[in-house]
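# Results of the structural survey
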Amino acid sequence: MSKTFSRTLVLIFILFSFLKSYSQGSGITNASTFGFSPDATGIENVKSLQAALNQGGNIIVSKPGTYKVAGTSYIGSNTSIEFAKGVILQKVNEEGTFSHVLLNKGALTRTWDENIAVKGLHIQVNGVVKRYDKIFGLRGQLAFFYVKDLRIEGFRCYDIEGVQFSIHVCTFEDLLIDDTILVGDKDGIHLGRGNRFRISNATFKTLDDALALNAHDYATSNPEVGWIENGVIENCHDLSLEGQPLVGYFCRILAGGWIDWEEGLELQNADAVVTGGRIYRVDGIGSDGKPLKKTWVTKTRPTHKEGTVELDGIKWVMMQDDVQYTAGVRNVVFRDIFLEKPRQTFSIHFDNSSWSRSYYPGAEIPEQKQLLFDNVRVLHDGDKPFIKVNTPVDVFTVTNSSLRNTGILFHGKEGYVPDYGKTQVNFYGNILNKEGEMVLVENKIPGKEIVLKTANNIEISDDFKALVDKGEGKFKIESDLTGLKK
């Protein structure tokens, strides 16, 4: 064998080894190796993408184009998937509607997945929606449930449909969501219970909530309940969706409380009870997708370990076997927020409707804690409250922000919660752009105790005057503002 021929064989072997390493080995898998292609059907692409994801490690989709997907693909621990610029995953109805384009594997068994990254994903909903199908209450196009160390970067969705959220994460630890653009008719980023998170560099153009920190929730909108805590939300823009009503919030901050099961309890849709080391909820949704406006009396204790069982005419969903009695949000920072849509901004609240009553009579009262609003810029002249509060909250701070027409509203249904407690409000270093009188704090809760401290604020108009509507509450005020300072 000649030396030239031998060298040629060696070079071919090296090139072959490199290509194999690039496509599958060394922890890198190109999904095209398994047939993931813009030319394939949605059914074929789901199978091929799953085959790639099953390799673990680093998955890439390198060829630009629109890839049809006709079902859910599952990603497991120690796996990242990165989509090149110009790659779009388009939902198609080739064998029925479905919810999630991508879901972690452990979600189905409530088993923790760890170290997952999704980069550059662009989902085109294409009218293919289903409220939930794999897990009761999990509704994201991109969804994760029982996950640690999750990174979502560069996500895009421009056609969010009305029954599904864009990103939905529940029961998490160490979550990063960075660089997102979300447009459409439902929630942009919807979180259930979890600990340690950062959401940054996001643009929202949503009909419903841009952000939902829903520690409690409608029964059909989160698979578990509990506390959302220790997070930062920064550099976010809330834009108007042309031709749509001003509903929802920039951020919903939702709490709840429930009790132990006992015979004879009167229940409605979405009520929760604790029994046998598990939390069960009432599924009172009718065939039209709306809540049944009725109540039931429970006589038989639910004991099933999973799924839904009907007892005494009540459909009981086994929600979780991690027992707690309250849910809420605490230790969260909102920073560098730019608000162009003239809707309600932050709502710290309980639900109280046929969809859900967050607080069951007699339950432990949850207190949401230590929220910071730093450099929030109101860029519209709307008349919706800047912050609405109808749960107990110990302290919140508004600083370095620019407000226009509205301030803070405390409200609540009389008798719904026995004690809304004391709230301390720190308001300092802000710019007040209102001309004339402005109600900085309005109270509609009888007996509510509020301590308001303001300092180092700037009044743009010479005729600005701050007012406080005390209602039947108890106020202590220390203020530098015209109209409030002594």
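Here the structure is shown first, and the text comes after it.
Now for a look at the structure at hand. (Residues numbered from 1 in each chain as written. Predicted model: local features only at pLDDT ≥ 70, side-chain atom pairs only at ≥ 80, totals over all residues. Heavy atoms only, no water.)

## A short note on the overall build of the protein chain
Applicable threshold: Only DSSP runs of H or I reaching four residues or more are called helices, and only runs of E reaching two or more are called strands; each is numbered from the N terminus. Only C-alpha atoms enter the radius of gyration; for comparison, a globular chain is expected to reach 2.2 Å times N to the power 0.38, where N is the number of residues. In this scheme, a residue with accessible area under 20% of its type's maximum is buried, one over 50% is exposed, and one in between is partly exposed, where area comes from a 1.4 Å probe on protein chains only.
Scanning the protein chain from terminus to terminus reveals two helices and 40 strands. A compact globule built from 486 residues would reach a C-alpha radius of gyration of about 23 Å, and the protein chain, at 25 Å, matches this within 12%. For the protein chain, the spread of C-alpha atoms along the three principal axes comes to 100 × 60 × 35 Å. A burial count over the protein chain gives 56% of its 486 residues as buried.

## A few points about the pairing of strand β28 (residues 344–349)
Look at any regular strand and the pattern is simple: side chains alternate between the two faces of the sheet. Under the convention used in this document: Here the rule is simple: two strands pair whenever DSSP picks up at least two bridges between them.
Among the six residues that make up β28, six are buried, leaving the element largely enclosed by the rest of the structure. In this sheet, β28 lies alongside strand β17 (residues 249–254) in parallel orientation, the contact comprising five bridges. Residue Arg 252 lies in a different strand from β28, and its bridge partner there is Ser 347. Pairing geometry for β28 and strand β30 (residues 387–389), over three bridges, is parallel.

## So, the pattern of salt bridges
The test is simple: Counted as salt bridges are all cases of a side-chain nitrogen of Lys or Arg within 4 Å of a carboxyl oxygen of Asp or Glu.
Counting across every chain of the model gives 16 salt bridges. A salt bridge links Arg 196 to Glu 173; its shortest N-O distance comes to 3.6 Å. Residue Arg 196 is located in strand β14 (residues 194–206), and its partner Glu 173 is located in strand β12 (residues 165–184); the two are separated by 23 residues in the primary sequence. According to the relative accessible area criterion, Arg 196 is partly exposed, its value standing at 35%. Glu 173 gets classed as partly exposed once you look at its relative accessible area, which sits at 27%.

## Things to note about the sheet that holds strand β3 (residues 65–69)
Strand order in this open sheet of three strands is β3-β6-β9, and the pairing throughout is parallel. With one partner strand each, in any of the chains shown, β3 and β9 (123–124) form the two edges of the open sheet. Direction of pairing for strand β6 (residues 87–91) relative to β9: parallel, over a ladder of two bridges. Each residue of the ladder has a partner; that of Leu 89, found in β9, is Ile 123.

## What to know about the pairing of strand β2 (residues 57–61)
For strand β1 (residues 28–30) and β2, the ladder comprises three bridges, and the chain directions are parallel. Bridging from a neighbouring strand, Thr 29 pairs with Ile 59 of β2. Relative to strand β5 (residues 79–83), β2 runs parallel, the two being bridged by five bridges. Looking across to β5, one finds that Asn 58 is bridged to Ser 80.

The values reported here are purely geometric and, on their own, carry no functional implication.
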